[in-house]
Amino acid sequence: MAMMNNLTIVMYHYVRDLKNSRYPDIKGLDIKLFEEQIDYMRKYYHIITMEEVIHSIDNQVKIPNKSVLLTFDDAYSDHYTNVFPILDKYKIQGSFYTPAKAITEHTVLDVNKIHFILASVDDKLNIITDLKELVEIYQKQYQLESFDYYYKKLAQDSRYDSKEVIFIKRLLQVELVEELRIKMVDTLFEKYISMSEDTFSRELYMNEEQLKHMLRSGQHIGNHGYNHYWWNSLNKKEMSQELDLSIGFLEKLGVDMNNWTACYPYGSYDDQSIKMLEERGCRLAVTTEVDIATTSKDTRFIMPRL
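These numbers come from a predicted model, not from an experiment.

A.B. asks: Sorry if this is basic, but what is going on with the overall build of the protein chain here?
C.D. replies: Counting its secondary structure elements, the protein chain contains 13 helices and ten strands. For 306 residues, the compact-globule estimate of 2.2 N^0.38 gives 19 Å, and the protein chain sits close to it at 20 Å. When each of the 306 residues of the protein chain is scored for burial, the buried share is 52%. Contacts in the protein chain between residues at least 24 apart in sequence constitute 66% of all its contacts with a sequence separation of at least 6. Accessible surface, the protein chain as shown: approximately 14900 Å² in total, 49% of it carbon and sulfur. Mean positive and mean negative side-chain charge positions of the protein chain (37 and 47 charges, respectively) differ by 2 Å.

Shown next as structure tokens:
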């Protein structure tokens, strides 16, 4: 009988002094709250390392009760400036997932462009008006439906966002073909963000030296794709390329490739991506599904997080 261990994996994105930042409306966690959470976890949980989790899965060894693993997506400079000093002070390990292209080519992920466009515009109806114009401009070229069709289909309130925000995110992240989504996002980014993409990228993400410093200090650096594509939408060749480029980046940083792990971009995975991770020696992969994880060989590539 395989031993089942419960493991709480926590997922973080932006961690910053929101009130005093340039984008106080970004959906992030305030540093003070992050410190409080770490204090709480140190008191009531056992914060473990990625290597301990992998060892537990491989050898079916029990991990301590109330074990928790900390993960941070997208390699924001927030993580180096605000998170790393706190983890380092208490000798706690975090696992940081890097979208390689954003760091090596100084691009900004579309998903981040959308976050900052939304955080820059108080009245979201202005963005919706822009999108209506863009849909009309590109309607013929891309054989689009009417704007109202998309609005009716996509604008639905959710637990986190108003229906206007959900509409903007869904239209620009999933609904339209990628080539057109990129054009639209770039148009809005140029209109609302008064900074070049290159400059913005250097400010938003960590650089290679910072990642290497964290690695030397015992932090875990993992794979979050090269282009941050939806992995469940790629064919075999595209997925191969995506993995090979992002694995090359980890090697260049000096990551221990006997224990490399992945975090699915947008939480997107399928049988093909799991199989290809396995073939390349990946030890574990985390999803965005919300649940408590178990450390077993059956679940190592579909670990849920809170």
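A.B. asks: Help me understand unusual backbone geometry, please; the structure alone is not making it clear to me.
C.D. replies: A negative phi angle is the norm for most residues apart from glycine, just as the trans form is the norm for most peptide bonds. Despite not being glycine, K66 shows a phi value in the positive range, around 55°. Inspection of the secondary structure assignment puts K66 in the loop between helix 2 (50-59) and strand 5 (67-73). With relative accessibility at 49%, the residue K66 sits in the partly exposed group. Phi is positive for H106, which is not a glycine, with a value near 55°. Position of H106 among the secondary structure elements: in the loop between helix 4 (100-104) and helix 5 (110-120).

Cut-offs used in this document
Residues numbered from 1 in each chain as written. Predicted model: local features only at pLDDT ≥ 70, side-chain atom pairs only at ≥ 80, totals over all residues. Heavy atoms only, no water. Helix = DSSP H or I, 4+ residues; strand = E, 2+ residues; numbered from the N terminus. Rg over C-alpha atoms; globule rule 2.2 N^0.38 Å. Buried < 20%, exposed > 50% of the residue type's maximum accessible area, 1.4 Å probe, protein only. Contact = heavy atoms within 4.5 Å. Areas by Shrake-Rupley, 256 points an atom, 1.4 Å probe, with all protein chains shown as cover. Lys, Arg positive; Asp, Glu negative; His and termini not counted. Charge placed at Lys NZ, Arg CZ, Asp CG, Glu CD.

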